[in-house]
Amino acid sequence: MYPVGHILTASIYSKVAAKKLALNFVPVFSISILSNLIDVDHFIYYFKDDGTANSLVLHPGHLYIGVPIFALIVLGFFKPESLNLIYMLIGAFAMHMAADALAFLCQYNLIALIIIDVVLFLILVLIRNKFDASVPFSNLFLFLLCVTLVSASVQYWMHFILKYDPQKELIVYVVPNLIFLLSGLSFYFVFNKKESL
Ligand SMILES: [Zn+2]
């Protein structure tokens, strides 16, 4: 899935995970966004990927995600006090994989991906009153809108104006990871009010 879809699903997931696991929303959301950096594995074999490859088959980080997930589960056996944090991390990775599977199921059809993003925005608006007060919903919505506009514009520019070939230009895969990195860090540093997990 493209960055916007991953970040929107991360926002809904973080809302539920933070509440159910008694963790703070800001660090949970930042970590959920940063967990999408699993996509750095697109740097490998990018010449085999036309931009629509099934990540769960081609990219090593996705292929072997079971290893860190199992390691986290084993860690949980020995660190029962961190179980909620571990559960949240496993959920964030699993959500990325599920979103990738959904995008591939849609064959990366642009219209389908836009419809999914619109539905995710609608879900966010519907559950807006359930967000805690640490980040006003209007600020969160503005943040997501900015990320969406910047991400969509840059990707549109690369694909439709510059006509970059995903199998020849590594930058096509660098940009989504930069969006994850900058979004996760900027959200944390703008909205964190000395909140820890
Ligand atoms: Zn992925």
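For the structure itself, consult the block above.
Nothing here was measured: the structure is a model prediction, and the numbers come from that model.

Caption draft 1: Inspection of the overall build of the protein at higher detail. Secondary structure summary: the protein contains nine helices and zero strands in total. Mapped in sequence order, the helices and strands of the protein form the string α-α-α-α-α-α-α-α-α. Counting only C-alpha atoms and orienting by the principal axes, one finds that the protein spans roughly 45 × 40 × 30 Å. When burial is assessed residue by residue, the protein has 29% of its 197 residues classed as buried. Long-range contacts, defined as pairs at least 24 residues apart, comprise 73% of the intrachain contacts of the protein with a sequence gap of at least 6.

Caption draft 2: The arrangement of the packing of helix α8 (residues 137–161) against helix α9 (residues 171–191) in detail. The geometry of α8 relative to α9 is characterised by a closest axis approach of 11 Å and an angle of 165° between their N-to-C directions. Our classification of the angle between α8 and α9 gives roughly antiparallel. The element α8 and its partner α9 pack so that their crossing is right-handed. Where α8 abuts α9, its residues Phe143, Val147, Ser151, Val154 and Met158 lie against Val172, Val175, Ile179, Ser183 and Phe187. Classifying every residue of the contact of α8 with α9 by side-chain character gives eight nonpolar, two polar and no charged.

Caption draft 3: Examining α9 more closely. Over its 21 residues, α9 extends 29 Å from the first C-alpha to the last, a length consistent with the 30 Å expected when each residue adds 1.5 Å. Those residues of α9 that fall on the buried side of the exposure criterion are Val172, Pro176, Ile179, Phe180, Ser183, Gly184 and Phe187. Looking down the long axis of α9, one finds its buried residues gathered within 120° of arc, a one-sided arrangement. Tucked into the core, α9 has its buried residues touching α1 (3–20), α2 (25–34) and α8.

Caption draft 4: Focus on the nonpolar core. Formed by 29 residues in total, the largest nonpolar core has its most connected members in Ile7, Ala17, Val28, Phe29, Ile33, Met88 and Ala92. Taken together, the elements giving at least two residues each to this core come down to α1, α2, α6 (83–105), α8 and α9. Apart from residues no more than four positions distant in its own chain, Phe29 is found in contact with Ala10, Ser11, Ser14 and Phe187.

Conventions and cut-offs
Residues numbered from 1 in each chain as written. Predicted model: local features only at pLDDT ≥ 70, side-chain atom pairs only at ≥ 80, totals over all residues. Helix = DSSP H or I, 4+ residues; strand = E, 2+ residues; numbered from the N terminus. Buried ≥ 20, exposed ≤ 12 C-beta atoms within 10 Å, placed from the backbone. Contact = placed C-beta atoms within 7 Å. Axes fitted to C-alpha atoms, helices over the stretch in contact; angles between N-to-C directions. Parallel < 35°, antiparallel > 145°, perpendicular 65-115°, else oblique. Left-handed = near helix turned anticlockwise from the far one by under 90°. Nonpolar A, V, L, I, M, F, W, Y, C, P; charged D, E, K, R; others polar. Expected span 1.5 Å × (residues − 1). Arc of directions from axis to C-beta. Core = buried A, V, L, I, M, F, W, Y, C linked by C-beta atoms within 7 Å.

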